[in-house]
Amino acid sequence: MANMETGSNPLSADLLVVGGSMSGITAAIEAAETGKDVILVEKEAYLGGRVAQMYHYFPKLCPPSCGLEINFRRMKDNRKVRMYTLSEVQNIEGTPGEFEVTVKKHPRYVNENCTCCGLCEPACDVERDNDFDFGMSKTKAIYLPHEMAFPMRYAVDIKALDGDISKLEEAAKVCPYDAVVLDDKEETLTFQVGAVVWATGWQPYDAHKIDNLNFGKYPNIITNMMMERLAAPNGPTKGKITRPSDGNEPKTVAFVQCAGSRDENYLPYCSGICCMASLKQTTYLRELYPDSQIHVFFIDARTPGRQEDFYVKIQEDDNVHIYRGKVAEIEDIGEGNLKVKAENTITGEMMEVEVDMVVLATGMEPNSRTSPPPNPKVQLDEYGFVAPGAEDIGVIGAGVAMRPQDVVASVQDGTYAAMKSIIAKARR
Ligand SMILES: Cc1cc2nc3c(=O)[nH]c(=O)nc-3n(C[C@H](O)[C@H](O)[C@H](O)COP(=O)(O)OP(=O)(O)OC[C@H]3O[C@@H](n4cnc5c(N)ncnc54)[C@H](O)[C@@H]3O)c2cc1C
Ligand code: SF4
Ligand code: SF4
């Protein structure tokens, strides 16, 4: 069967891909479809990465399922890809064509017998914050990561159980398929591989760090990724965008661009994507609430190429007000409402708008900054992205691990990484 998470050790493959979202999945499938053996290592319990968390994604504004499901099917049909979820690379040694990669595979405590019947959930009385929804919902400690998860299988959050798996004994007893494995163990696997693709993507910049914007202090200040989850039908509010404080529909919403970005104190660079993301999110609100008023505060709008057409279309909407303004402060004015104070970056004039909810357009921070490829020869740039020279030593960066970019560019990167690894192997 394709995609078995086997424990054979050592294993060899032509390519080992780290990160199972758009760029990593593309690299894995493209290489496998040319006949190469591929190992895909993903740290979460499911593939799909940040893309799986979106409501819609541009350019077509379709749900993530439309891109991800096709790729999951391609993976299921291809015996050349072996995937390891809940796994992380510990070490990469060797040279192009002859790498030895050590991977730590964390226990899932649920085996492939799981049918996702959900019968174990009522038998588990421990809850956890759902990180897929940025803490805006809860799941049981034994949980399905999300309804489109691949592999479609429950997992256990052992941290939520304070490390005590015996708290799941009742859940194991009620499982009709013997799928809960209480004695599941961590494994260390060693692979011999020809090349490594590093496609570990990004995490949202932590908005708590931005002093003047009061994220975490006032509940109706959310981030752009929280907005994606609120808008998603499989999100915490089943797609009804409501205020966290009282569940009311927001009639007026402000978007704060460059929240923590292009600022030496926080993220010095432009993430290149959050202008388009906010414009996209204005359409979520305008479709759901035709009378809503949207205020967008830009330093300048970065919508290159064909994205400019989308920007022009949004500007034509009389209920969307776009200002050139750097937000200086967000103040609570009672009953969950907020006052946004901004300075016009050209005239210096101050302006104020009162709104029901604020969305901070936070940027993308590379995961490679905090978890770099574990090989001393791989260099990161000043912001923590994998520096281009890494591919010369056989570790090929792809997607947002390399630079901030959208899904289309990340997919192109994945294809490039697959081709590069194939060429490198052919030359040996
Ligand atoms: C608010 C917002 C909205 C956006 N909307 C759009 C949009 O509409 N259209 C669009 O084209 N783009 C959009 N983007 C950008 C889009 O999210 C990225 O282009 C896309 O996620 C890049 O895919 P990736 O594979 O490079 O990384 P990711 O999607 O971040 O995936 C990385 C994968 O690697 C895994 N991983 C991380 N570290 C490790 C590790 N150490 N070991 C193993 N696995 C690891 C992660 O769990 C994840 O599965 C948006 C971005 C933001 C901030
Ligand atoms: S672990 Fe067992 S009870 Fe729980 S969802 Fe899977 S099959 Fe059902
Ligand atoms: S894409 Fe827009 S919001 Fe994001 S950092 Fe660049 S200019 Fe700021």
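Just so it is clear, the model here is predicted, and its values are computed rather than measured.

Colleague: How should the pairing of strand β18 (residues 357–362) be read in this particular structure?
Modeller: One face of the sheet, then the other: side chains in a regular strand alternate in exactly this way. When you tally the buried positions in β18, you get six out of six residues, the bulk of the element. Burial along β18 is two-sided: the residues Met 357, Val 359 and Ala 361 and Val 358, Leu 360 and Thr 362 are all buried. Relative to β18, strand β12 (residues 221–223) is paired through three bridges, and the arrangement is parallel. The partner of Thr 223 across the bridge, within β18, is Leu 360.

Colleague: For this particular structure, what's the right way to read the domain arrangement of the protein chain?
Modeller: A common way to express how large an interface is: the accessible area buried when the components associate. Looking at the assigned domains, one finds that the protein chain contains domain 1 (11–106 + 186–203 + 366–427), domain 2 (121–174) and domain 3 (206–362). Here the C-alpha centre of domain 3 lies 32 Å away from the C-alpha centre of domain 1. Counting residues at the interface gives 10 residues for domain 1 and 12 residues for domain 3. Classifying every residue of the side of domain 1 that touches domain 3 by side-chain character gives six nonpolar, three polar and one charged.

Colleague: Help me understand the nonpolar core in this model?
Modeller: Most often, soluble globular proteins keep nonpolar side chains buried together rather than apart. The biggest cluster of nonpolar side chains holds 126 residues, and the ones touching the most others in it are Leu 16, Val 17, Val 196, Val 197 and Val 358. With near-sequence residues (within four places) excluded, Val 17 lies in contact with Gly 24, Ala 27, Ala 28, Val 38, Leu 40, Val 41, Val 197 and Ala 199.

Colleague: Where do I start with the sheet that holds strand β13 (residues 252–259) in this structure?
Modeller: Backbone-to-backbone hydrogen bonds pair the strands of a sheet. The strands run either parallel or antiparallel. Here seven strands make up an open sheet; going across it, the order is β12-β18-β13-β14-β15-β16-β17 and the pairing mixed. The open sheet is flanked by β12 and β17 (350–355), the only strands paired with a single partner. If you compare each strand with its neighbour and ignore which way they point, the axes differ by 40° on average. Examined bridge by bridge, strand β16 (residues 338–344) and β17 share six bridges and lie antiparallel to one another. When the sheet's bridge partners are listed, Ala 342 is paired in β17 with Met 351.

Colleague: Would you take a moment to explain the site of ligand 2 for this structure?
Modeller: The environment of ligand 2 is made up of 13 residues, and the closest members are Cys 114, Cys 117, Cys 120, Cys 175 and Ala 179. Among the residues making up the shell around ligand 2, the classes are represented as 11 nonpolar, two polar and no charged.

Colleague: Quick question: what am I supposed to make of the site of ligand 3 here?
Modeller: Every one of the 13 residues lining ligand 3 counts as a neighbour, but Cys 258, Ser 261, Cys 270, Cys 274 and Cys 275 are closest to it. For the shell around ligand 3, the secondary-structure elements that each account for two or more residues are β13 and α5 (274–288). Taken together, the residues of the shell around ligand 3 sort by class into six nonpolar, five polar and two charged.

Colleague: Mind showing me how you'd approach the packing of α5 against helix α6 (residues 307–315) here?
Modeller: Packed helices, taken two at a time, are described by the angle their axes make and the gap between the axes. The geometry of α5 relative to α6 is characterised by a closest axis approach of 10 Å and an angle of 40° between their N-to-C directions. It follows from the interaxial angle that α5 and α6 lie oblique. Crossing hand, α5 versus α6: left-handed. Residues Met 276, Leu 279 and Thr 282 of α5 form the contact with α6, whose own contacting residues are Gln 307, Phe 310, Tyr 311 and Ile 314. Class assignment of the residues belonging to the contact of α5 with α6 gives a composition of five nonpolar, two polar and no charged.

Colleague: Honestly, the pairing of strand β10 (residues 187–198) in this entry has me stumped. Any pointers?
Modeller: Examined bridge by bridge, strand β1 (residues 11–18) and β10 share seven bridges and lie parallel to one another. When the bridges of β10 are listed, Ala 13 appears paired with Val 193. Summarising the sheet, strand β5 (residues 98–105) and β10 pair through seven bridges and their orientation is antiparallel. Its bridge partner lying in β10, Lys 105 is registered against Glu 187. Sheet analysis places β10 next to strand β20 (residues 395–397), joined by three bridges and oriented parallel. Residue Val 196 lies in a different strand from β20, and its bridge partner there is Val 395.

Conventions and cut-offs
- Residues numbered from 1 in each chain as written.
- Chains lettered and ligands numbered in written order.
- Predicted model: local features only at pLDDT ≥ 70, side-chain atom pairs only at ≥ 80, totals over all residues.
- Buried ≥ 20, exposed ≤ 12 C-beta atoms within 10 Å, placed from the backbone.
- Helix = DSSP H or I, 4+ residues; strand = E, 2+ residues; numbered from the N terminus.
- Pairing = 2+ DSSP bridges.
- Domains from an automatic or database assignment.
- Contact = placed C-beta atoms within 7 Å.
- Nonpolar A, V, L, I, M, F, W, Y, C, P; charged D, E, K, R; others polar.
- Core = buried A, V, L, I, M, F, W, Y, C linked by C-beta atoms within 7 Å.
- Axes fitted to C-alpha atoms, helices over the stretch in contact; angles between N-to-C directions.
- Near = placed C-beta within 6 Å.
- Parallel < 35°, antiparallel > 145°, perpendicular 65-115°, else oblique.
- Left-handed = near helix turned anticlockwise from the far one by under 90°.

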